[in-house]
Amino acid sequence: MNLLSTLACAALAAAACGAQAAAPTFSAGGTSVPNAGMMSAVAGATTIDFNSGGAPANYSGGMVFLSDHPSYAAQPPLDLTPFFSVGVTDGQTTPGTATFSGGLSYFGFYMGSADTYNSVLFHGADNSNFTLSGAAMASLAGVSPNGDQRVGFYVNAWAAPGAAFTRIEFHSPTNAFETDNHAFINAVPEPETYAMLLAGLGLLTALRRRRP
């Protein structure tokens, strides 16, 4: 491999990999309209409400319940619509996974009855993994992680600058974990990423032109 092709590959690799991602940032809180907190308040977010009775094609595992099942899947507080649940009872599976191949800069969800055994794993485009525990989610909302089915709140997660979420996993190794109104914003490559890709493509084009 000559110097020109080496430089081109290096530029493309740098654009694809980027810098190591920092940890995501999290908060609790949704809209202030009726049924406060059940929907994302983040501008530009697309919401998955499961009201069709099923999950999108990019979801696997878990189940969508049409109504409350207190014995094994309690509907999040004030939520009178279908919801997404993962767990180990009544045919449920865990984890429930949402895959976004293009990457996300933001993901949020409404949840009920915070329990210490529930968690959400955020998998990054750089193969990093960050787990938000049930206790951490409860702490964001200032509530106790004691499984109180009267308590619900919205969780927001932002990928670090230059990073992106490609997979979200909802885990519940005990009982169940119920969520609804999943919201997301697609990641947009930063300007320096475009510049590095263009530089790499330019070098590859020059290399091909120099070949006999």
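Residues numbered from 1 in each chain as written. Predicted model: local features only at pLDDT ≥ 70, side-chain atom pairs only at ≥ 80, totals over all residues. Heavy atoms only, no water.

Draft legend 1. Spatial organisation of the pairing of strand 8 (residues 129-133). Looking at chain direction, strand 7 (residues 119-124) and strand 8 are connected through 5 bridges and run antiparallel. Each bridged residue has a counterpart across the sheet, and for Val 120 the counterpart in strand 8 is Leu 132. (Pairing = 2+ DSSP bridges. Helix = DSSP H or I, 4+ residues; strand = E, 2+ residues; numbered from the N terminus.)

Draft legend 2. Broad picture of unusual backbone geometry. Look at the link from Thr 94 to Pro 95: it is a cis peptide, with omega at 5°. Residue placement: Pro 95 occurs in the loop between strand 5 (83-87) and strand 6 (96-112). For Asp 90, which is not glycine, the phi torsion reads 50° and is therefore positive. The class for Asp 90 is partly exposed, based on a relative accessible area of 45%. (Buried < 20%, exposed > 50% of the residue type's maximum accessible area, 1.4 Å probe, protein only.)

Draft legend 3. View of the pattern of salt bridges. Scanning the model with the defined rule gives 2 salt bridges in all. Across the pair Glu 169 and Arg 167 runs a salt bridge, and its minimum N-O distance is 2.7 Å. (Salt bridge = Lys/Arg side-chain N within 4 Å of Asp/Glu carboxyl O.)

Draft legend 4. Just the nonpolar core, in detail. Within the largest apolar cluster, 27 residues are counted, with the highest numbers of intra-cluster contacts made by Phe 107, Phe 109, Met 137, Ile 168 and Phe 170. Taken together, the elements giving at least two residues each to this core come down to strand 5, strand 6, strand 7, helix 2 (134-141), strand 9 (152-158), strand 10 (165-171) and strand 11 (176-186). Apart from residues lying up to four places away in sequence, Phe 107 is in contact with Tyr 59, Phe 100, Phe 122, Val 155, Asn 156, Ala 157, Phe 165, Ile 168, Phe 170, His 182, Ala 183 and Phe 184. Met 38, Tyr 106, Tyr 154 and Ala 183 belong to the second largest nonpolar core, which has 5 residues in total. (Core = buried A, V, L, I, M, F, W, Y, C linked by side-chain atoms within 4.5 Å. Contact = heavy atoms within 4.5 Å.)

Draft legend 5. Representation of the confidence of the model for the protein chain in the model. In this model, the protein chain carries an average pLDDT of 84, and 76% of its residues clear a pLDDT of 70 or more. A low-confidence stretch, residues 3-19 (pLDDT under 50), is modelled with 22 contacts involving residues beyond four sequence positions or located in other chains. (pLDDT = per-residue confidence, 0-100.)

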